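Residues per chain, in single letters:
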Amino acid sequence: MHLCALRDIPDGHSRGFDPRGGGRDYLFVVRRGRQIYAWRNACPHPGYEGASMPWRKHEYLDSERTHIVCAGHGALFDVESGECTMGPCRGLGLKALNVRLEGDEQLYWYPDAGVEEQ
Amino acid sequence: MNILGPDGLVFGVDNVAACNQYLTDYGLIPRDVSAQGGRFEGLDGTYVEIRRADDPSLPPALPTGSTLRKTIYGVADAATLEQIAEELGRDREVKRLDDGSIETLDDMGFALGFQVSIRRPLEAADEIVNCPGARQNRGVNVIGAAVDKDIVPVTLSHVVYFVPDQHKAEAFYVERLGFRVADRFTNLGPFLRPAGTLDHHTLFMVHTPPHMQGVEHFTFHMANPSDLLQAGKRFQDKGYESFWGPGRHIFGSNWFWYFNSPMGVHVEYDADMDLHDDSWEPRACESSEDASQIFNFTLVDNWMPGGDPH
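Residues numbered from 1 in each chain as written. Chains lettered and ligands numbered in written order. Predicted model: local features only at pLDDT ≥ 70, side-chain atom pairs only at ≥ 80, totals over all residues. Heavy atoms only, no water.

Peer 1: Before we go on, may I ask you to explain the environment of Phe259 of chain B in this structure?
Peer 2: Residue and element names in this part refer to chain B. Residue placement: Phe259 occurs in strand β15 (residues 255–259). Remark: the alpha-carbon pair of Phe259 and His249, spanning 10 residues in sequence, is separated by 16 Å. Dropping the residues within four chain positions of it, Phe259 is found in contact with Tyr22, Gly232, Phe235, Gln236, Tyr240, Glu241, Ser242, Phe243, Val265, His266, Val267 and Tyr269. (Helix = DSSP H or I, 4+ residues; strand = E, 2+ residues; numbered from the N terminus. Contact = heavy atoms within 4.5 Å.)

Given below as structure tokens:
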């Protein structure tokens, strides 16, 4: 499933996607150069599992853009591993999704059939 | 003790610019806004203050990294302030700050301030709806819907803490500061109000493991449910992320709409909260979806049927 062009995401920034029109972002990606890190937009906070994470459309990162931050209760996550490094989700992590940068400089999401259906 | 309710909340944040913009778009009145932070007021002057996380004037952060650095209560008069200083001074340090306020910690480690309240008297227009048979209606030729209505949150309503021990936390506020329990979710914690207000709650506690200690949300009262819905719609249209609602709670009866925020806490709009006095008998039940709300809607884009087949 096509998401966007690489150039649509400024280097170091994040972007959210709602490819199935569910009304809120299903996934988001963080771009670091030509590296793409794609995560399900679902905070693992116990009691809040699945909560949407940005504070505003596409805003998934802290001010220095070094960590993913959940705007629900401030949990910080490592951009590359998805592991929580601070806050209420300690010991938990984000779910990685299969998004690839292909030769046409476009990002495509390959849903895991039967698992990632909403 | 004649504590009126929260006058202000002070946050130490990572992204000052984002928080400044967020609270302005939420509808509060910005004061003294800079790269160092700002103060954002409701109609009566109650406020949220944003500071940099490394601002040395702030009380230390909780070990969990929670961004709330201080909850400042407004009290009726200087005598109440002295009463609190004496009571809490019996077993903890109570600092006297240059602005005349006092500062200390509650039994969970949340920093508290107390000051003679800065809130201004409110003069709000009643929301009058047209109801067949009602004694008072909005009236003939008086228009209800106002697309461009100026909507400002009225007053800081309540804050909700994640606490590692709801019973210990409740005991501190009830026994030391004279708060009353309005109602209780047995598995989460109590809804509390201080003696100087009739509001159902100005403080609610959610029992969590210690590493989650922090803030679930804070909220300002909106004038009425119509303003809540219209303000929330505007906020979501600006790209802010709805978390829950709009809906209506059962305990407290308040309408609600919660959003994510760059402070790393939820921020609510609430309206039409119940009032109680000391004759009220607290209710108690376990929390659940159906115990928590009467209804919960999700905003969708404006839409109309038709096209032009007529």
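Here the narrative resumes.
Peer 1: When you look at unusual backbone geometry in this model, what are you seeing that I'm missing?
Peer 2: Generally, phi is negative for residues other than glycine and the peptide bonds are trans, each holding for most cases. Residue and element names in this part refer to chain B. With an omega of 10 degrees, the peptide bond running from Gly245 to Pro246 counts as cis. As for its position among the elements, Pro246 is in strand β14 (residues 242–249). One non-glycine residue, Ser253, lies in positive phi territory at about 60 degrees. Following the sequence through the fold, Ser253 ends up in the loop between β14 and β15.

Peer 1: Sorry if this is basic, but what is going on with the sheet that holds strand β8 (residues 99–101) of chain A here?
Peer 2: The strands that make up a sheet pair up through hydrogen bonds in the backbone, lying either parallel or antiparallel. All names here are of chain A. Sheet architecture is open: three strands sit in the order β1-β9-β8, paired in antiparallel fashion. Strands at the two margins of the open sheet, each flanked by one partner only, are β1 (2–5) and β8. Direction aside, neighbouring strands of the sheet carry axes that sit 20 degrees apart on average. (Pairing = 2+ DSSP bridges. Axes fitted to C-alpha atoms, helices over the stretch in contact; angles between N-to-C directions.)

Peer 1: Sorry if this is basic, but what is going on with the nonpolar core here?
Peer 2: One broad rule of soluble globular proteins: the nonpolar side chains tend to lie buried together. All names here are of chain B. Counting residues in hydrophobic clusters, the biggest one holds 59 residues, and the most contacted among them are Phe11, Ile50, Phe114, Tyr161, Tyr173, Phe218 and Met263. Residue contributions to this core peak at six residues, all from helix α1 (residues 16–26). What Tyr161 contacts, discounting residues up to four positions off in sequence, is Leu68, Thr71, Asp106, Phe110, Leu112, Tyr173, Leu203, Phe204, Met205, Val206, Gly214 and Val215. (Core = buried A, V, L, I, M, F, W, Y, C linked by side-chain atoms within 4.5 Å. Buried < 20%, exposed > 50% of the residue type's maximum accessible area, 1.4 Å probe, protein only.)

Peer 1: Mind showing me how you'd approach empty space enclosed by the protein here?
Peer 2: Take a probe with the size of a water molecule and roll it over the atoms, and the empty space left behind shows itself. Residue and element names in this part refer to chain B. Evaluation of the coordinates by the stated rule reveals two cavities of 30 Å³ or more. Each pocket or cavity is described by its volume, and for the largest cavity that value is around 50 Å³. Around the largest cavity, the lining residues are Pro60, Ala61, Leu62, Leu68, Arg69, Lys70, Thr71, Gly109, Phe110 and Ala111. Counting residues per element, the lining of the largest cavity draws most heavily on strand β5 (residues 68–75), which supplies four residues. Considered as a void within the structure, the second largest cavity measures approximately 50 Å³ in volume. Grouping the constituent residues of the lining of the second largest cavity by class yields five nonpolar, five polar and no charged. (1 Å grid on protein atoms, 1.4 Å probe; cavity = no way out; pocket = protein on both sides within 12 Å on 5 of 7 lines; lining within 4 Å. Points joined across faces, edges and corners; volume = space filled by probe spheres on them. Nonpolar A, V, L, I, M, F, W, Y, C, P; charged D, E, K, R; others polar.)

Peer 1: Would you take a moment to explain helix α2 (residues 78–89) of chain B for this structure?
Peer 2: Residue and element names in this part refer to chain B. End to end, α2 covers 16 Å across 12 residues, agreeing with the expected 16 Å (1.5 Å per residue, within 8%). Within α2, the full set of buried residues consists of Thr80, Leu81, Ile84, Ala85, Glu87 and Leu88. Looking at the buried positions of α2, the neighbouring elements they touch are β1 (3–13), β5, β6 (95–96), β7 (102–105), β8 (111–116) and α3 (166–176). (Expected span 1.5 Å × (residues − 1).)

Peer 1: How should I be thinking about the UniProt feature "domain: VOC" (unreviewed entry) in chain B in this particular structure?
Peer 2: In this numbering, the UniProt entry assigns the feature "domain: VOC" (unreviewed entry) to residues 155–272 of chain B. Secondary structure over residues 155–272 of chain B splits into 20% helix and 44% strand, and the C-alpha atoms at its two ends are 12 Å apart. (UniProt positions renumbered as here; feature names shortened; annotations may be inferred.)

Peer 1: How should the layout of surface pockets be read in this particular structure?
Peer 2: All names here are of chain B. Roughly 690 Å³ of internal volume is contained in the second largest pocket. Surrounding the second largest pocket, 29 residues form its lining, Leu122, Val154, Thr155, Asp199 and His221 being those nearest its centre. If you list the elements that add at least two residues to the lining of the second largest pocket, you get β1 and β9 (155–163). Looking at side-chain class alone, the lining of the second largest pocket contains 14 nonpolar, eight polar and seven charged residues.

Peer 1: Explain the interface of chain A and chain B here, please?
Peer 2: Many descriptions give the size of an interface as the accessible area lost when the pieces come together. The interface is formed by 22 residues belonging to chain A together with 26 residues belonging to chain B. Across the interface of chain A and chain B, roughly 1800 Å² is buried in total on both sides, 52% from carbon and sulfur atoms. Here chain A and chain B share one salt bridge between them. Note that Asp25 of chain B and Arg56 of chain A form a salt bridge whose closest N and O atoms lie 3.9 Å from each other. Applying the counting criterion to the chain A and chain B interface returns 14 residue pairs in polar contact (both at pLDDT 80 or more). Residues that form the side of chain A that touches chain B fall into these classes: 10 nonpolar, seven polar and five charged. (Buried area = accessible area lost by both parts, 1.4 Å probe. Salt bridge = Lys/Arg side-chain N within 4 Å of Asp/Glu carboxyl O. Polar contact = N/O pair within 3.5 Å; in protein donor to acceptor, adjacent residues only side chain to side chain.)

Peer 1: What exactly am I supposed to notice about the packing of aromatic side chains here?
Peer 2: The relative placement of two aromatic rings is captured by the distance of their centres and the angle of their planes. All told, the structure shown has 31 aromatic pairs over all chains when counted by the stated rule. Plain terms: the ring middles of Tyr26 of chain A and Trp109 of chain A are 5.4 Å apart, the flat faces sit at 40 degrees to each other, and that makes the pair tilted. Here Trp109 of chain A lies in strand β9 (residues 106–109) and Tyr26 of chain A lies in the loop between β2 (14–17) and β3 (27–32), a separation of 83 residues in the sequence. The buried category is assigned to Trp109 of chain A, whose relative accessible area is 0%. Ring geometry for Phe235 of chain B and Tyr269 of chain B: centres 5.9 Å apart, planes at 80 degrees, overall edge-to-face. Highlighted residues: Phe235 of chain B in helix α4 (residues 225–237) and Tyr269 of chain B in strand β16 (residues 266–271), separated in sequence by 34 residues. Residue classification places Phe235 of chain B among the buried residues on the basis of a relative accessible area of 1%. Site record: aromatic cluster; members linked through ring pairs are Trp55 of chain A together with Tyr22, Tyr26, Phe220, Phe235, Tyr240, Trp257, Phe259 and Tyr269 of chain B. The ring of Tyr26 of chain A has Arg20 of chain A sitting right over it, with the charged end atom 5.5 Å from the ring centre. (Phe/Tyr/Trp six-rings, centres within 6.5 Å; stacked < 30°, edge-to-face > 60°. Lys NZ or Arg CZ within 6 Å of the ring centre and 35° of its normal.)

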